[in-house]
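Commentary on secondary and tertiary structure
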Amino acid sequence: MSKLLEDLLYLPLDMENPPNDFINWLEDLQFKNLYQDDYRNCFHVPIMFDMNKGNFKWTPWAYQVPQLREWCEDVLFPLTGKSRIMIITTPSGDENPAHIDCSEEMFTTLQHKFRYVLQGNVDDLEFIGEEATLKPTSVNKPFIMSGKWPHKMKNTTNKTKFTFALGAPWDGSVDDKNYVSLIERSYKKYETFYLENTLQLPNNYKSLFESEYNYRQKAKDLLSEK
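Below is a summary of the structure that appears in this document. Here the structure is a predicted model, which means the values were calculated and not measured. (Residues numbered from 1 in each chain as written. Predicted model: local features only at pLDDT ≥ 70, side-chain atom pairs only at ≥ 80, totals over all residues. Heavy atoms only, no water.)

1. Some remarks on the overall build of the protein chain
Rules: Runs of E in the DSSP output that reach at least two residues are strands. Runs of H or I that reach at least four are helices, and both are numbered from the N terminus. The globule rule is 2.2 Å times the number of residues to the power 0.38, and the radius of gyration it is compared with is taken over C-alpha atoms. Working definition: with a 1.4 Å probe on protein chains only, accessible area under 20% of the residue-type maximum means buried, over 50% means exposed, and in between means partly exposed. Should any heavy atoms of two residues lie within 4.5 Å, those residues are considered in contact. Each accessible area value is a Shrake-Rupley result obtained with a 1.4 Å probe; residue values ignore everything except the protein chains displayed when judging cover. Charge assignment in this entry is limited to Lys and Arg as positive and Asp and Glu as negative, and neither His nor the chain termini are counted. One atom stands in for each charge, and that atom is NZ of Lys, CZ of Arg, CG of Asp or CD of Glu.
A count of helices and strands for the protein chain gives five helices and 13 strands. Here the protein chain has a C-alpha radius of gyration of 17 Å; the compact-globule value for 226 residues is 17 Å, and the two agree. Across its three principal axes, the protein chain shows a C-alpha extent of roughly 45 × 35 × 35 Å. For the protein chain, the residues scored as buried account for 54% of the 226 residues in total. Residue pairs in contact within the protein chain that sit at least 24 positions apart in sequence constitute 83% of those at least 6 positions apart. Roughly 11000 Å² of accessible area belongs to the protein chain as shown, and the carbon and sulfur atoms make up 44% of that amount. Positive and negative side-chain charges in the protein chain, numbering 26 and 33 respectively, have mean positions lying 3 Å apart.

Written out as structure tokens, the structure is:
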């Protein structure tokens, strides 16, 4: 099982989908009022954020989507606990350039990331190797992806892509029996969609780490204005 987790690039999850009946609200948000992530070339709608050393709180935006808050409390948090939540927002035609979703110091850890594409294509995601790339197959389910493997995404649809993203401190663990059980169950159901890491790291992968992990402070500044 540890190898299944360690070699995982992408796996749909056998669990209840989050609601996505608030897309119109998301589409009405003005980019200028959101957190701009220059490193990933996208915008973020903060839903839950750590304002003070592990004290995770719902943001003002979260209170506009009560059905999503309820799903998090009932379905997600029993598995993960409270953690940072953003809705990654990528305009039509824009590209998230190649990047790694962890610091260089954390690169040797599992770094699993929970995602659900509320609107857009799952298979616009692309994992990057030195001589090849791998793309997942779209399945309308939450999924786990490897955040530490270099990846990029271009929104090929004519609509803004919205992705529910669970961030730090949760990153999966081979010692978490509930998580391992979910992965085992999901693998049995979605084995044909499981994307195994057969890639070699690109030679320039160290250049793909964010030079400064400054988005936490920028998000706090944005929230303080609400």
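Resuming the write-up.
2. A look at the sheet that holds strand β11 (residues 151-154)
Selection rule: Strands pair, by our definition, only if DSSP identifies at least two bridges between them.
Pairing within the open sheet is antiparallel, and its four strands lie in the order β6-β11-β8-β9. The strands lining the two open edges of the sheet, one partner per strand, are β6 (95-99) and β9 (133-134). Bridge count for strand β8 (residues 125-128) against β11 is three bridges, and the pairing is antiparallel. Along β11, the bridge assignment pairs L125 with M153.

3. Here's the deal with a negative patch on the surface
Rules: Two distance rules govern patches: like charges are joined within 9 Å, and nonpolar side chains (Val, Leu, Ile, Met, Phe, Trp, Tyr) within 5 Å, applied only to residues with over 30% relative accessible area and no salt bridge. We count a salt bridge whenever a side-chain nitrogen from Lys or Arg sits within 4 Å of a carboxyl oxygen from Asp or Glu.
A cluster of acidic side chains, namely E16, E70, E73 and D74, defines a negative patch on the protein surface. Assignment of secondary structure puts D74 in helix α3 (residues 66-80).

4. Considerations on the pattern of salt bridges
In total, this model carries eight salt bridges according to the counting rule given. In this structure, the salt-bridge partner of D7 is K3, at a minimum N-O distance of 2.7 Å. Assessed through its relative accessible area of 54%, K3 is described here as exposed. One salt bridge in this structure joins R115 and D101, with 4.0 Å as the shortest N-O distance. Here R115, found in strand β7 (residues 112-119), pairs with D101, found in the loop between β6 and β7; they are 14 residues apart in sequence, far enough to count as distant.

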